[in-house]
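Topology and contacts: notes
Spelled out, the chains give:
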Amino acid sequence: MPSYKAMAYFPEVSGTVAYEGPTSKNPLAFKHYDPNKVVGGKTMREHLRFTVCYWHTFKATGSDPFGLPTMVRGWDAASDPIERAKNTMDAAFEFFTKLGVEYWCFHDRDIAPEGTDFADSCKILQEVVDYAEVKQKETGVKLLWGTANLFSHPRYQAGASTNPDPNVFAYAAAQVKHAMDATHKLGGIGYTFWGGREGYDTLWNTRMQHERAQFARLLHMAVNYKKEIGFTGQFYIEPKPMEPTKHQYDSDTEACLNFLREFDLMDHLKLNLETNHATLAGHTMQHELRAAREAGILGSVDANTGDELIGWDTDQFPTNVYLTTQIMLEILAMGGFTTGGLNFDAKVRRQSIDTEDLFYAHIGGMDAFARGLEIAQAIIDDGRLEAVVEERYSGWSHGFGEKVMSGHRTFADCEDHVLRHGEPVRKSGRQERLENLINEFIL
Ligand code: XLS
Ligand code: NI
Ligand code: NI
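Right, let's walk through the structure included here. Everything quoted here is computed from the prediction, not taken from an experiment. Throughout, a residue's number is its position along its own chain's written sequence, starting from 1. Numbering of ligands from 1 and lettering of chains from A proceed in the order in which they are written. Per-residue local features of the predicted model are confined to residues with pLDDT of at least 70, and side-chain atom pairs are confined, for both listing and counting, to 80 or more; whole-chain, interface and lining totals are unaffected and use all residues. Only hydrogens and water are set aside; all other atoms, that is, all heavy atoms of the structure, feed into the side-chain values.

Remarks on the coordination of the nickel ion (ligand 3)
- The coordination sphere of the nickel ion (ligand 3), as far as protein atoms go, consists of Glu274 (OE), His277 (NE2) and Asp313 (OD), spread over 2.1 to 2.5 Å.
- We note that the donor set of the nickel ion (ligand 3) lies within a single chain, spaced as E-x2-H-x35-D.
- Think of the donor list as every N, O and S atom within 2.8 Å of the metal, or within 3.2 Å for Na, K and Ca; water never makes the list, so a site can look incomplete. A spacing of 3.9 Å is found between the nickel ion (ligand 3) and the nickel ion (ligand 2), which share glutamate 274 as a donor. With glutamate 274 in strand S10 (residues 269–274) and aspartate 313 in the loop between strand S11 (298–302) and helix H11 (321–333), this residue pair connects regions lying 39 residues apart in the sequence. The exposure classification of glutamate 274 matches that of aspartate 313, with both residues buried. Secondary structure elements follow DSSP: runs of H or I of four or more residues count as helices, runs of E of two or more count as strands, with numbering from the N terminus. Any residue under 20% of the maximum accessible area for its type is buried, any over 50% is exposed, and the rest in between are partly exposed; the area is computed with a 1.4 Å probe on protein chains only.

Okay, here's the thing in structure tokens:
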């Protein structure tokens, strides 16, 4: 990757964060992520497709519902909003390059401030996108996906595409049109729909099915517009059950599957799954990934984690190797990422106020995923886990089981089978043995 000369905002790293191996004590070095190391036939860089998100890493200020911003960033110093946006872009590309990641992603309103009216906002976005295009060319950093922020502005208080007012729907659609143009211009590999306010606060004022159908209309319009402009990137829905709404219509993988099938959108969207959203939905990330993968709609990952006790979307950096192993097992099982990647939709804590904390956070996440990848590949190469599962289901691949699954057996046939074979022989599920087997690779 070509090096990027500006080094104004992150003086703590002078070149690129280096791989120094597991014995290094340097907090600004990788201990496990060695981009060129080959694991299962591909380099770590090719497998993991690390992505830095714009909103948390460069726009988060440390404010929370109870407190003011804690972080003062050099790139926020200018008083002119467009100058500030360009300085932030400089800082972002300096960070991507120093960290050595190949991808980034953004919301339209992260990179460009809202103007005096819609046309003015579009003009500003255009100007910043042109600026980003130059930076991408200079550095070789690519856009994993773009998206539109359809949740921050007060106009979206009752939803964007799911708003009871068609005028708001129109505004949201027009904003998506321009966010798609921006993504297309920057060669985006994907485009994400996260329905922040596409849900309800109370059912007393809500027509749920009507709102779901409105959401589907917006997505169909997006599919049509994609063809119109020749954008070939992958569309994603990012499920989340709640927060800021009480209930979001894209609440989890299985709800999204139902929605996509109901509204004839299965061919057009995959899922971008986020760990903290999975846990908010009362699932594990492993469950969400598995359900999506087996339905053929696993696309990309927002790599973060929640707090076991806080219970909201704390968007923390992932450091748990059990989690990263589970994620990478599913990613390897789908044959690896094609359009997707591991996007750190994660923010440093409110007290982590220095720019160097942004490096520690990403380095930790990248190392945890590098180990997760190696462990997952070792589990696959070892084959014992798969052999146990294979054995467990072996009855379905021949004889009576095979005939049931191919639709050649009736209730009467089943009764006859029971009468001839008697009580089934119970077998252990071997959960503890398998948990120990996984630990063999992790410990
Ligand atoms: C919020 C979402 C958001 C999406 C992009 O919870 O994770 O950050 O990833 O709109
Ligand atoms: Ni996300
Ligand atoms: Ni989130």
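So, next bit.
Quick notes on a nonpolar patch on the surface
- Candidates for patches are residues over 30% relative accessible area with no salt bridge; among them, like charges are joined within 9 Å and nonpolar side chains (Val, Leu, Ile, Met, Phe, Trp, Tyr) within 5 Å. In this description, accessible areas are obtained by the Shrake-Rupley approach with a 1.4 Å probe, and a residue is regarded as covered only by the protein chains that are shown. Salt bridge, as used here: a side-chain nitrogen of Lys or Arg that lies within 4 Å of a carboxyl oxygen of Asp or Glu. On the surface, a cluster of nonpolar side chains totalling about 450 Å² of accessible area is made up of Val389, Tyr393, Trp396 and Met405.
- Structurally, the position occupied by tryptophan 396 is in the loop between helix H13 (384–392) and helix H14 (399–405).

Some words on the packing of aromatic side chains
- We call Phe, Tyr and Trp rings a pair once their centres come within 6.5 Å, taking the six-membered ring for Trp, and we label the pair stacked below 30 degrees between planes, edge-to-face above 60, and tilted otherwise. Summed over the entire model, instances satisfying the criterion amount to 28 aromatic pairs.
- Arranged with centres 5.2 Å apart and planes meeting at 55 degrees, the rings of phenylalanine 259 and phenylalanine 263 form a pair that is tilted. An identical accessibility class is assigned to phenylalanine 259 and phenylalanine 263; each is buried.
- Seen from their ring centres, phenylalanine 317 and phenylalanine 344 are 5.8 Å apart, and the 35 degrees between their planes marks the pair as tilted. In this pair, phenylalanine 317 is assigned in the loop between S11 and H11 and phenylalanine 344 in strand S12 (residues 342–344), connecting sequence segments 27 residues apart. This pair shows no difference in class: phenylalanine 317 is buried, exactly as phenylalanine 344 is.
- Put simply, the rings of Tyr9, Phe10, Tyr54, Phe58, Trp75, Phe93, Phe95, Phe96, Trp104, Phe106 and Phe359 touch in pairs and so form one group of aromatic residues.
- Put simply, a charge is over a ring when the Lys NZ or the Arg CZ is close to the ring centre, within 6 Å, and near the line of the ring normal, within 35 degrees. Stacked on the ring of tyrosine 171, the Lys or Arg arginine 155 has its end atom at 3.8 Å from the ring centre.
- Positioned above the aromatic ring of phenylalanine 235, the side-chain terminus of lysine 226 is 4.5 Å from the ring centre.

Geometric descriptors of this kind do not, in isolation, establish any biological role.
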